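Single-letter residue listing:
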Amino acid sequence: EAQVTQNPRYLITVTGKKLTVTCSQNMNHEYMSWYRQDPGLGLRQIYYSMNVEVTDKGDVPEGYKVSRKEKRNFPLILESPSPNQTSLYFCASSSDLAGTNEQYFGPGTRLTVT
Amino acid sequence: AQTVTQSQPEMSVQEAETVTLSCTYDTSENNYYLFWYKQPPSRQMILVIRQEAYKQQNATENRFSVNFQKAAKSFSLKISDSQLGDTAMYFCAFMLTYNAGKSTFGDGTTLTVKP
């Protein structure tokens, strides 16, 4: 089954404690992205990756890091989380080779930073 | 840079009736995709419909159809015969054809279907 998985699904942490949210896709997609969703603000793109070792900033990259060492994985790293990073996070993957560009989303990670 | 605007934060419709959700966008590019995604209370993002900018014909998927006006940069979603399961937040999204990674979403419209 084609899918994007994220872990953990829920996370409560404290300010300044480094954390990583993992994302994996099994569709061999070249593109992967991270979004955050906040009430009234829709989905805002944090970072995206065009392929292994190639990443670029989205609209709200401050306070986040990403890496793409393998095509299937795209972890999101918060090195020093702050309360304003409390949000719902989505990972997505996509491809422009099939001519659809459709994004497949993971189930989301609810992060609370106290 | 691209922008996407959804001017209706909330809408409601009676079951079996038709509703139209609005979306406008701004871009200087010619080759792009537009999408409508549905997010039910489960929070899962589900693709509803896709439109390629070079196609003049409006996309249709069962009860869902779009009115794509490229010159006006407008991309509305029409839901016919609304069902209770259509209750969700709907997002309009823009993506360049040659870059399936960079995407811009609108703020969303919460649709409630009333019995």
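The structure this text deals with has already been given above.
Not measured: the values here are computed from a predicted model. (Residues numbered from 1 in each chain as written. Chains lettered and ligands numbered in written order. Predicted model: local features only at pLDDT ≥ 70, side-chain atom pairs only at ≥ 80, totals over all residues. Heavy atoms only, no water.)

Peer 1: Hey, could you run me through the overall build of chain B in this one?
Peer 2: Broken down by element type, chain B carries zero helices and 12 strands. Start at the N end of chain B and walk to the C end: the helices and strands fall as β-β-β-β-β-β-β-β-β-β-β-β. In terms of overall size, chain B behaves like a compact globule, its C-alpha atoms giving a radius of gyration of 14 Å where 115 residues would be expected to give roughly 13 Å. With the C-alpha coordinates aligned to their principal axes, the bounding extent of chain B is approximately 40 × 25 × 20 Å. When burial is assessed residue by residue, chain B has 49% of its 115 residues classed as buried. Intrachain contacts of chain B at a sequence separation of at least 6 include 55% that bridge at least 24 residues. If you sum the accessible surface of chain B, you get close to 5500 Å²; carbon and sulfur atoms cover 45% of it. (Helix = DSSP H or I, 4+ residues; strand = E, 2+ residues; numbered from the N terminus. Rg over C-alpha atoms; globule rule 2.2 N^0.38 Å. Buried < 20%, exposed > 50% of the residue type's maximum accessible area, 1.4 Å probe, protein only. Contact = heavy atoms within 4.5 Å. Areas by Shrake-Rupley, 256 points an atom, 1.4 Å probe, with all protein chains shown as cover.)

Peer 1: Quick question: what am I supposed to make of the pairing of strand E9 (residues 87-94) of chain A here?
Peer 2: Sheet faces and side chains relate simply in a regular strand, where the side chains alternate between the two faces. Residues and elements named next belong to chain A. Most of E9 is tucked away, with eight of its eight residues classed as buried. The alternating pattern of E9 places Ser87, Tyr89, Cys91 and Ser93 on one face and Leu88, Phe90, Ala92 and Ser94 on the opposite face, and all of these are buried. Bridging between E9 and strand E11 (residues 109-113) involves three bridges; their strand directions are antiparallel. Each bridged residue has a counterpart across the sheet, and for Tyr89 the counterpart in E11 is Thr109. Here two bridges tie E9 to strand E10 (residues 104-105), and the two strands are oriented antiparallel to one another. Within E10, the residue paired with Ser93 across the bridge is Tyr104. (Pairing = 2+ DSSP bridges.)

Peer 1: How should the sheet that holds strand E7 (residues 65-66) of chain A be read in this particular structure?
Peer 2: Strands in a sheet are paired, the pairing made by backbone hydrogen bonds, and the direction either parallel or antiparallel. All names here are of chain A. Ordered by their spatial adjacency, four strands build an open sheet running E1-E3-E8-E7, and the pairing between neighbours is antiparallel. Looking at strand neighbours, the two that pair on one side only are strand E1 (4-7) and E7, the edges of this open sheet. In this structure, E7 lies alongside strand E8 (residues 76-78), joined through two bridges in antiparallel fashion. Looking at E8, one finds that Val66 is bridged to Leu76.

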